[in-house]
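Tertiary structure, described
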Amino acid sequence: MSTADVDTRLLRYFVAVAEEGSLTRAAERLYVSQPALTKQVKQLEAQVGVSLFVRSRSGMALTEAGRALAGAAPALLGDWERALRTTRSAASRAARVLRVGFLASAANEATPGIVAAFAALRPGWRADMRQSSWSDPSAGLAEGEVDVALVRLPFPGEERWRVKELFAEARWVALASGHPLAGRESIDFRELLDEPFVAAPPETGGWQGHWLGTEERGGRAVRIGAVVDQPDEWLSAIANGYGIALAPESAARYYARPGVVYRPVRGVGPTRVGVAWAPGDERNEVVRDFVRCCVEGAGPGPGDALTSPA
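Okay, so let's go over this structure. (Residues numbered from 1 in each chain as written. Predicted model: local features only at pLDDT ≥ 70, side-chain atom pairs only at ≥ 80, totals over all residues. Heavy atoms only, no water.)

Taken as a whole, this structure holds four aromatic pairs when the rule is applied. Taking the centre distance of 5.5 Å and the plane angle of 55 degrees together, the rings of F14 and F53 count as tilted. With a gap of 39 residues between them, F14 in helix α1 (residues 8–20) and F53 in strand β1 (residues 53–56) connect regions that are remote in the sequence. The burial state of F14 is the same as that of F53; both residues are buried. A centroid spacing of 5.7 Å and a plane angle of 75 degrees characterise the contact between F118 and F290, whose relative ring orientation is edge-to-face. Separated by 172 residues along the polypeptide, F118 in helix α5 (residues 110–121) and F290 in helix α9 (residues 285–298) bring together distant segments of the chain. Here F118 falls in the buried class, since its relative accessible area comes to 1%. The ring centre of F197 lies 5.0 Å from the NZ or CZ of R217, which sits over that ring. (Phe/Tyr/Trp six-rings, centres within 6.5 Å; stacked < 30°, edge-to-face > 60°. Helix = DSSP H or I, 4+ residues; strand = E, 2+ residues; numbered from the N terminus. Buried < 20%, exposed > 50% of the residue type's maximum accessible area, 1.4 Å probe, protein only. Lys NZ or Arg CZ within 6 Å of the ring centre and 35° of its normal.)

All right, on to the nonpolar core then. In terms of nonpolar packing, the biggest core is built from 47 residues, with F155, F189, L192, V198, W234 and Y262 touching the most fellow members. For this core, the elements supplying multiple residues, two or more each, are β5 (148–153), β7 (171–176), β9 (196–199), α6 (206–212), α7 (231–239), β11 (245–248) and β12 (260–266). (Core = buried A, V, L, I, M, F, W, Y, C linked by side-chain atoms within 4.5 Å.)

Once that is clear, we can look at empty space enclosed by the protein. Under the definition given, this model contains two cavities of 30 Å³ or more. Roughly 310 Å³ of volume is contained in the largest cavity. If you trace the largest cavity, you find 21 residues lining it, with W134, W207, W211, L246 and P248 closest to the centre. When contributions to the lining of the largest cavity are tallied by element, the ones reaching two or more residues are β9, α6, α7 and β11. A breakdown of the residues in the lining of the largest cavity according to their chemical character gives 17 nonpolar, three polar and one charged. (1 Å grid on protein atoms, 1.4 Å probe; cavity = no way out; pocket = protein on both sides within 12 Å on 5 of 7 lines; lining within 4 Å. Points joined across faces, edges and corners; volume = space filled by probe spheres on them. Nonpolar A, V, L, I, M, F, W, Y, C, P; charged D, E, K, R; others polar.)

With that out of the way, let us pick up the sheet that holds β12. Strand order in the open sheet formed by four strands is β8-β12-β7-β11, with mixed pairing between adjacent strands. With one partner strand each, in any of the chains shown, β8 (187–188) and β11 form the two edges of the open sheet. The pairing of β8 with β12 spans two bridges and is classified as parallel. Paired with D188 across the strands is R266, a residue of β12. (Pairing = 2+ DSSP bridges.)

Right under this line is the structure:
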């Protein structure tokens, strides 16, 4: 099989296993299950026609062929990602379109003002708003599908991007209207620990954990009642009694639905909204203008600089 047939995703998975020396640690880093990662490694070995690892109880050791690929793969991936991003960005610039990814309600009520401010700052340009599913908390950045994204922090791979936090809002809980706790004015998170939760896909890793309140559970296991990828599926699962879910306070305004109620929760920290973009676009004036509109439109956030440390 030709090397042109190798999926770049397989190479990314290979690099993670090579660097970690462990399927378990690499799976955690990639936010995938260990069986899925094992399957991908075997698929890559079948495609290149050689063994890349020696497997043992102590971990995954590279073969001679594996070390050769490990030396070349990062540069190949970097070149491909830069070429893909440059190509897509060039097409967007030619059309005078800024591709903006977002999740759910984006920057809440500030979003229309941000878009309007950008249009005023960049006459002739259009912010093309592209909603992403919850299986991609980077809202399209990770795949090079957008130039800038409105995201919920933290998200997987956040350290790869430039990120500016815009604001924070409380996490509430969404319950079926017939739930025994639905009549409360507010609920302590400890009362929810044994409840089944409606969750984002497991490959989102820590992002899923944030919306399950993992850090506030004190090691208590989570019961998953349903896994969903879209707001409509999420609302249906809650209304049908498959589970409850933590949600931004703004969800009570943006995702009101018969059969679902939202209540404040004590004992969990807030959720944060940010704008993120690629380090390679640090000097892209159009991206910087949009980031500036986000910062000014959402109000002052922590820190004054447009970028966070890489």
